[in-house]
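For reference, the chains in residue letters:
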Amino acid sequence: MASKRPRVTIAAIADQAGVSVPTVSKVLNGRGDVSPATRELVEAQLRESGYQRRRTAAPSSVRMIDLVFHDLGNPWAVEVIRGVEEAARDANVEVVLSECGASRRPRQEWINSVLIRRPAGVIMVFSDLAADQRAQLDSRQIPYVVVDPIGEEDESVASVGSNNWSGGRAATRHLIELGHRRIGAISGPTDTLCARARMDGYVDALRRAGLPEAPELIRVGDFSVEGGFRCARDLLALRDRPTAIFAGSDMQALGVLRAARELGWDVPADLSVVGYDDLPLASWIWPQLTTVAQPLVEMAGQATRLVLAMARGEQPAVRKMDLAVRLVERESTAPWSA
């Protein structure tokens, strides 16, 4: 029988890093009174040695998970919060909300606070962790799951998303089947995986229908109402304007509707519009928005159950989930005959 690998001690880490045992302890517990250079030196030794801290209960008697967003100020985030809260409530777990801002990665100060709180797990939403931040959570055995990964897929990271390629293709096919041939598209940020996948689906639908790709009909937005408005104004100013626009989010679609209204175009008589997400507002605006429904609440619930299973020491059979999407037809699209 192979002998067990001896457990790495804090003293050994301190000796290898050339620092004191209390300094290693401070780094492990997320204390702020350690210089960045010393922290990185200790973290490097922790990674190299494969140090695994024995998991203990969080300082608080209440179990909790950290839910981290790129941007909290939109209806999309509300749906995800609802899904996490429902699943967490069923498990008698509290939720701590954080926002990492434009960088889409949390600051080291957030990591430090997580190491002190010792939550059951972390859920990253449309944001990500740097490699050294993942290593810090791994060494403290704090599991994490990403909802709607933004970068290239990493097989080592547990994630929950939806079939964005299928959604982009379904939206575009719907417009083609209505007779549209000049179909504009407003993408989300190109550094996000979901935006690229939706655009790949859009292009695939065009190719399968024998329609040429027209770069002049594609604009890159930021998933916001304002971005959708600017891109739509640009597209509708073309001499040979699109008769339909596929927007990469419902919020961008709202911007398209406003741009059309200001330019005097009727939706759907003069312009068909398809969004993405199927937020509650999609059925309240006028015209009611045809959109691709992705199951945000279910995605969030699955991520919560997955991270809690990992916190219990379970090894889930499936660490990556892409849930199905569906097209919801409403009043913002109509047949076109040139």
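Worth saying up front: this structure is predicted, and the values here are computed from it rather than measured. (Residues numbered from 1 in each chain as written. Predicted model: local features only at pLDDT ≥ 70, side-chain atom pairs only at ≥ 80, totals over all residues. Heavy atoms only, no water.)

Section: the sheet that holds strand β9 (residues 272-277)
Note the threshold: Whether two strands pair comes down to DSSP finding at least two bridges between them. Strands are runs of DSSP state E lasting at least two residues, helices are runs of H or I lasting at least four, and both sets are numbered from the N terminus onward. Geometry is summarised by axes, namely lines fitted to C-alpha atoms with helices restricted to the contacting stretch, and by angles between N-to-C directions that run from 0 to 180 degrees.
Within the open sheet, the six strands sit side by side as β7-β6-β8-β9-β10-β12. Their pairing is mixed. Edge positions in the open sheet fall to β7 (218-220) and β12 (326-328), since each of these has one partner strand only. Direction aside, neighbouring strands of the sheet carry axes that sit 20 degrees apart on average.

Brief notes about the packing of aromatic side chains
Threshold: Two aromatic rings from Phe, Tyr or Trp, using only the six-membered ring of Trp, form a pair when their centres are within 6.5 Å; if the ring planes differ by under 30 degrees the pair is stacked, by over 60 it is edge-to-face, and anything between is tilted. Any residue under 20% of the maximum accessible area for its type is buried, any over 50% is exposed, and the rest in between are partly exposed; the area is computed with a 1.4 Å probe on protein chains only.
This structure, assessed with the given rule, holds three aromatic pairs. Ring geometry for Phe246 and Tyr276: centres 6.4 Å apart, planes at 50 degrees, overall tilted. Residue Phe246 is found in strand β8 (residues 244-247), and its partner Tyr276 is found in strand β9; the two are separated by 30 residues along the sequence. The two residues Phe246 and Tyr276 agree in class, both being buried.

What about the packing of helix α5 (residues 108-117) against helix α6 (residues 131-139)?
Rules: An angle counts as roughly parallel when it lies under 35 degrees, as roughly antiparallel when it exceeds 145, as roughly perpendicular when it falls between 65 and 115, and as oblique in every other case. Throughout, a residue-residue contact means that at least one pair of heavy atoms, one from each residue, lies within 4.5 Å. Three categories are distinguished: nonpolar for Ala, Val, Leu, Ile, Met, Phe, Trp, Tyr, Cys and Pro, charged for Asp, Glu, Lys and Arg, and polar for the others, with Gly belonging to the last.
Here α5 crosses α6 at 5 degrees, and the two axes come no closer than 11 Å. Relative to α6, the element α5 lies roughly parallel. Touching Gln108, Ile111, Val114 and Leu115 of α5 are Gln133, Gln136 and Leu137, all from α6. Grouping the amino acids of the contact of α5 with α6 by side-chain chemistry returns four nonpolar, three polar and no charged.

Fair warning: the whole summary comes from geometry, so function is off the table for now.
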